[in-house]
Amino acid sequence: MRRDPLAALARLRRLESDEARRVLGEANSRLMAAELRAAAAVAALRLERQPGGEADYGQWLARGVAERDRAIRAAGFADESATIARQGLAECRAAERALEHLREARAEAARRQAARRSQSVLDEAAARLALRE
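Residues numbered from 1 in each chain as written. Predicted model: local features only at pLDDT ≥ 70, side-chain atom pairs only at ≥ 80, totals over all residues. Heavy atoms only, no water.

Asker: Which parts of the structure should I look at to understand the overall build of the protein chain?
Answerer: Secondary structure assignment for the protein chain yields 2 helices and 0 strands. Computed over its C-alpha atoms, the radius of gyration of the protein chain comes to 32 Å, more than 25% above the 14 Å expected for a compact globule of 133 residues. Overall size of the protein chain, expressed as C-alpha extent along the three principal axes, is 115 × 25 × 15 Å. By residue count, 18% of the 133 residues in the protein chain fall in the buried class. Across the protein chain, every contact between residues at least 6 apart in sequence was considered, and the portion connecting residues at least 24 apart equals 81%. If you sum the accessible surface of the protein chain, you get close to 10,200 Å²; carbon and sulfur atoms cover 57% of it. Looking at charge distribution, the protein chain has the averaged site of its 26 positive side-chain charges lying 5 Å from that of its 21 negative ones. (Helix = DSSP H or I, 4+ residues; strand = E, 2+ residues; numbered from the N terminus. Rg over C-alpha atoms; globule rule 2.2 N^0.38 Å. Buried < 20%, exposed > 50% of the residue type's maximum accessible area, 1.4 Å probe, protein only. Contact = heavy atoms within 4.5 Å. Areas by Shrake-Rupley, 256 points an atom, 1.4 Å probe, with all protein chains shown as cover. Lys, Arg positive; Asp, Glu negative; His and termini not counted. Charge placed at Lys NZ, Arg CZ, Asp CG, Glu CD.)

Here it is in structure tokens:
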């Protein structure tokens with residue numbers, strides 16, 4: 001039996017989509033962790049500002065602000081990474097759908113071709129019968 005190149009391509013597309021889903025899951029996990037770190041850094045700055053912490057606040061402020069800024073920047077990078085991963089998954093899904101449409105179109109064309117052949121055989125048989133009579 002002849003190998004179907006579209007079936008092989010469909011398997012490849014499924015593997016690519018599975019990989020894109022995995023990448024997106026990892027990107028979303030990194031994004032969530034980065035957002036939690038940023039929220040914790042902001043909360044730590046607010047907590048240190050509470051009454052009673054003024055003596056240490058001046059020393060800690062520069063370090064706390066730097067940590068908050070790093071965490072917010074990291075969250076931004078993680079968000080960009082997740083966006084890129086979402087786009088990658090969308091592209092993989094679109095490729096899968098396009099391939100599926102192509103396979104369906106080819107199957108429909110093959111069905112029509114088989115129906116035409118069957119009709120041709122029936123027409124020939126009817127013509128032969130008409131000639132005998």
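Asker: Is there a simple way to think about the side chain of serine 17 in this case?
Answerer: Inspection of the secondary structure puts serine 17 in helix α1 (residues 5-48). You can call serine 17 buried: its relative accessible area is 0%.

Asker: Where do I start with the pattern of salt bridges in this structure?
Answerer: Pairing between side chains of opposite charge can happen when their charged atoms approach one another. Under the definition given, this model contains 10 salt bridges. Taking the shortest distance from any N to any O, the salt bridge between glutamate 16 and arginine 13 comes out at 3.1 Å. Of the two residues, glutamate 16 and arginine 13 are both situated in helix α1; the distance of 3 residues between them amounts to about one turn of the helix. According to the relative accessible area criterion, arginine 13 is partly exposed, its value standing at 24%. We note a salt bridge from arginine 111 to glutamate 108, for which the minimum N-O separation is 2.9 Å. Of this pair, arginine 111 and glutamate 108 are both found in helix α2 (residues 54-132), 3 residues apart, which corresponds to roughly one turn of the helix. The exposure class of glutamate 108 is partly exposed, given its relative accessible area of 32%. Salt bridges sharing common partners tie together Glu19, Arg22 and Glu26. (Salt bridge = Lys/Arg side-chain N within 4 Å of Asp/Glu carboxyl O.)

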